[in-house]
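# Structural features, examined
Spelled out, the chains give:
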Amino acid sequence: MLRQHFSTLQKNTSFSVGETYFDNGLGFVSTWQMFERIAPPDTSLDFFSIAPNPPSDAELIAAFACHPPLQCYAQQLMQRWQRRVPGWNRWHFAGGRVRLTLVIADTANAISQIDKHIDTWLSHDITSGIEPSPKQPTRSKQKTPTTALVIGGGLAGCASAYLLSRRGVHVTLVERSSTLASGASGNPRGILHARFGASMTTLHRFVLAAYGHALTLLDEVIPTDGVSRAECGLLQLASPDSEAKRIGKLAALSMPPHLLQFVNAARASELAGLPMTQGGLWFPSGGWVVPPQVCARLAAQPNITLSPNHTITTLSRTTSGWRASGDDFAFEAEQVVICCGHQARALAQFAQFPLQAVRGQISAFPASNTSQSLRSVVCAEGYCAPAASDVHIAGATTHFDDENTELRAADHAENLSQLARHVPSLHQALGPIDVAQLKGRAGVRCSAPGSMPLVGEVERGLYCSLAHGTRGLLSAGISAEVITASMCGQLPPLPADILAALSPQRLLRHI
Ligand SMILES: Cc1cc2nc3c(=O)[nH]c(=O)nc-3n(C[C@H](O)[C@H](O)[C@H](O)COP(=O)(O)OP(=O)(O)OC[C@H]3O[C@@H](n4cnc5c(N)ncnc54)[C@H](O)[C@@H]3O)c2cc1C
């Protein structure tokens, strides 16, 4: 049956297969292998699976050891497996043509969040005792659009352009500056920090899924070479008191050690390479990246055309899609994604959106011989990264409704005093610092009420990925995945309740 579905797929469409029990991954890998052999080119597969009790690494390896022909598939699965998070995981294989959505959670809840998107459920896995509605594909197949405009060349825009291009869409990426990453995404380094609480609210479940997704997306596009990216680990100190409380509550949850560990001050000192007065959370896969490099790598795809130095001022509908125009130029495409940060408010369709500009500044502290011992990112109220090219990047300040991007000595002083308060050993190691002479960078973040970004369809064919706040490195990728899936009529990477919380429709109802 599956063979017939795969072989008769039409160009530019996708097919979704669900199973209720991931077990050891053989169902997914065999389906992927069959799809690659049978399905016509220009088609794609979404495989949805649930793992209430995920196998250990050793169990997964052992299961595939009995199936030598599947070894090359298993190896690719194992790479992503190291990045798994509780909740929803979205991984790409075969150049993005095969996508696995793996839910590490309760089965019944996961099915209720996704059932309508599944074309057919595998019948081999009645083991879970829960039978989803048996289905033959009835949905009329939505075709992948041929063309899209992405407006804004920061992390959100570049990630959207990248994932659309991986679905075969021809993308024009329009940026008002002469280079990509000229806005908030232009910092010399940013940290990959998953900050979530034990209550597992919608926001926290989103952050977890975004973290897992960001790690696999970065694995795809940027090497951990210590220049563009370092996976040096991230220490979240139990300081101040509110943070200690949050961490204490998290300790009650059983989180996989590859994701996070609870460490005392002695272990924290060992991991960080400098004495820490507090313990806290240790994220082994945390670290830093150079956001402009991420943007450049994401945008360097054959079917992405860059159009710098173009400021879009007007969006209007055409008979076949959308026109985005400026003073003396216009671009047209079937669909459009707005990724302009707080500047989206200048476009009529977004003028009423409650987007807030939030100025932030990072400081570049010159490293000393002693401070070079810092091995991991350390976070408390702010953060500081280990030295690269003899400089530590530390930040970041927060000033609401302030769009000024001049460097301020007072902001450097604030970053320095945060460090003195929470990581005195590092502050001491840096030695005397003249804040008036410090380098750094100021940028403007975009935030919206509720701390969730605004991601999804605003009106037919018009999408946005906005308000990534303080965590764009985490949230830009999964948001691009949400938009791409929606545009192409494919399986969403997140459950219905998180999609609803991300949707710009939540704000439009109140405007
Ligand atoms: C000081 C500071 C430190 C930070 N540290 C971290 C960190 O450590 N980790 C982390 O995850 N996040 C961090 N962030 C947040 C992160 O940088 C942002 O969330 C992220 O960059 C947002 O990306 P974006 O693409 O939405 O916006 P932007 O990067 O601002 O991109 C928007 C782009 O749209 C363009 N544009 C605007 N209007 C138009 C138009 N009309 N036409 C064409 N183009 C237009 C702009 O020129 C800009 O390039 C930090 C932010 C700041 C300011």
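Calculation notes
- Residues numbered from 1 in each chain as written.
- Predicted model: local features only at pLDDT ≥ 70, side-chain atom pairs only at ≥ 80, totals over all residues.
- Helix = DSSP H or I, 4+ residues; strand = E, 2+ residues; numbered from the N terminus.
- Buried ≥ 20, exposed ≤ 12 C-beta atoms within 10 Å, placed from the backbone.
- Contact = placed C-beta atoms within 7 Å.
- Core = buried A, V, L, I, M, F, W, Y, C linked by C-beta atoms within 7 Å.
- Pairing = 2+ DSSP bridges.
- Axes fitted to C-alpha atoms, helices over the stretch in contact; angles between N-to-C directions.
- Parallel < 35°, antiparallel > 145°, perpendicular 65-115°, else oblique.
- Nonpolar A, V, L, I, M, F, W, Y, C, P; charged D, E, K, R; others polar.
- Near = placed C-beta within 6 Å.
- Domains from an automatic or database assignment.
- Left-handed = near helix turned anticlockwise from the far one by under 90°.

## Overview of the overall build of the protein
- Looking only at helices and strands, the protein has 15 helices and 26 strands in total.
- Dimensions of the protein along its principal axes, counting C-alpha atoms only, are 70 × 60 × 40 Å.
- Among the 511 residues that make up the protein, the fraction classed as buried is 49%.
- Residue pairs at least 24 apart in sequence account for 72% of intrachain contacts in the protein once pairs closer than 6 positions are excluded.

## Examining the nonpolar core
- One finds Ile151, Ala161, Leu235, Val336, Ile338, Val377 and Val378 to be the most contacted residues of the largest nonpolar core, which totals 148 residues.
- The leading source of residues in this core is helix H7 (residues 202-221), at eleven residues.
- Apart from residues no more than four positions distant in its own chain, Ala161 is found in contact with Val150, Val171, Leu173, Leu298, Ala299 and Ile304.

## Let's talk about the sheet that holds strand S6 (residues 147-151)
- Read across the open sheet, the six strands follow the order S14-S7-S6-S18-S26-S25; overall the sheet is mixed. The open sheet has two edge strands, strand S14 (304-307) and strand S25 (454-459), and neither has a second partner. Going across the sheet, the axis of each strand differs from the next one's by a mean of 20°, ignoring polarity.
- Relative to strand S18 (residues 335-338), S6 runs parallel, the two being bridged by four bridges. Bridge pairing links Val150 to Val337 in S18.

## A look at the packing of H7 against helix H13 (residues 472-488)
- Direction vectors running N to C along H7 and H13 enclose 90°, while the axes themselves pass 7 Å from each other. With respect to their mutual orientation, H7 and H13 come out roughly perpendicular. Contact residues: Val207, Ala209, Ala210, Tyr211, His213, Ala214 and Leu217 in H7; Leu473, Leu474, Ser475, Gly477, Ile478 and Glu481 in H13.
- Taken together, the residues of the contact of H7 with H13 sort by class into nine nonpolar, three polar and one charged.

## Quick word on the sheet that holds strand S17 (residues 330-333)
- Ordered in space as S15-S16-S17, the three strands form an open sheet in which the pairing is antiparallel. Of all strands in the sheet, those with a lone pairing partner are strand S15 (314-317) and S17, marking the two edges. Across the sheet, the axes of successive neighbouring strands diverge by a mean angle of 20°, strand direction being ignored.
- Both strand S16 (residues 322-325) and S17 contribute to a ladder of four bridges, which runs antiparallel. Residue Arg323 lies in a different strand from S17, and its bridge partner there is Glu332.

## Some points on the site of the ligand
- Every one of the 40 residues lining the ligand counts as a neighbour, but Gly152, Gly154, Gly183, Gly472 and Leu473 are closest to it.
- Secondary structure elements with two or more residues in the shell around the ligand: helix H6 (155-166), strand S8 (190-192), strand S19 (356-366), strand S24 (439-447) and H13.
- Ranked by residue count, the leading element in the shell around the ligand is H13, at four residues.
- Counted by class, the shell around the ligand contains 15 nonpolar, 21 polar and four charged residues.
- Of the residues that make up the shell around the ligand, three or more belong to each of domain 2 (147-184 + 292-355 + 449-508) and domain 3 (234-284 + 356-447).

## Focus: the environment of Ala496
- Turning to its location among the elements, Ala496 is positioned in helix H14 (residues 496-502).
- Using a count of 14 C-beta atoms within 10 Å as the deciding quantity, one classes Ala496 as partly exposed.
- In this structure the C-alpha to C-alpha distance between Ala496 and Phe400, which are 96 residues apart in sequence, comes to 31 Å.

## So, the domain arrangement of the protein
- Taken domain by domain, the protein consists of domain 1 (2-128), domain 2 (147-184 + 292-355 + 449-508) and domain 3 (234-284 + 356-447).
- Using only C-alpha atoms to locate each centre, domain 1 and domain 3 end up separated by 39 Å.

## Focus on the pairing of strand S22 (residues 391-395)
- Within S22, four of the five residues are buried, leaving the element largely enclosed by the surrounding structure.
- Sheet topology note: the S19/S22 ladder contains four bridges and is antiparallel. Considered in S22, the bridge of Ser363 is made with Ala394.
- The pairing of strand S21 (residues 383-384) with S22 spans two bridges and is antiparallel. Within S22, the residue paired with Cys384 across the bridge is Ala394.
- The loop that links S21 with its antiparallel partner S22 comprises six residues; one of these, Ser389, has a positive phi angle of about 50°.

## Remarks on the packing of H6 against helix H10 (residues 291-299)
- Closest axis-to-axis distance for the H6/H10 pair is 8 Å, and the angle between their directions is 25°. For the element pair H6 / H10, the angle class is roughly parallel. The crossing of H6 and H10 is left-handed. Here Leu155, Cys158, Ala159, Ala161 and Tyr162 of H6 come into contact with H10, specifically with Pro291, Val294, Cys295, Leu298 and Ala299.
- In terms of residue class, the contact of H6 with H10 is made up of ten nonpolar, no polar and no charged.

## Things to note about the environment of Phe350
- Take Phe350: it is sitting in the loop between S18 and S19.
- The exposure class of Phe350 is buried, given the 21 C-beta atoms found within 10 Å.
- The sequence separation of Phe350 and Pro52 amounts to 298 residues, and the corresponding C-alpha distance is 41 Å.
- Among all residues touching Phe350, those that are not within four sequence positions of it are Ile338, Ala344 and Arg345.

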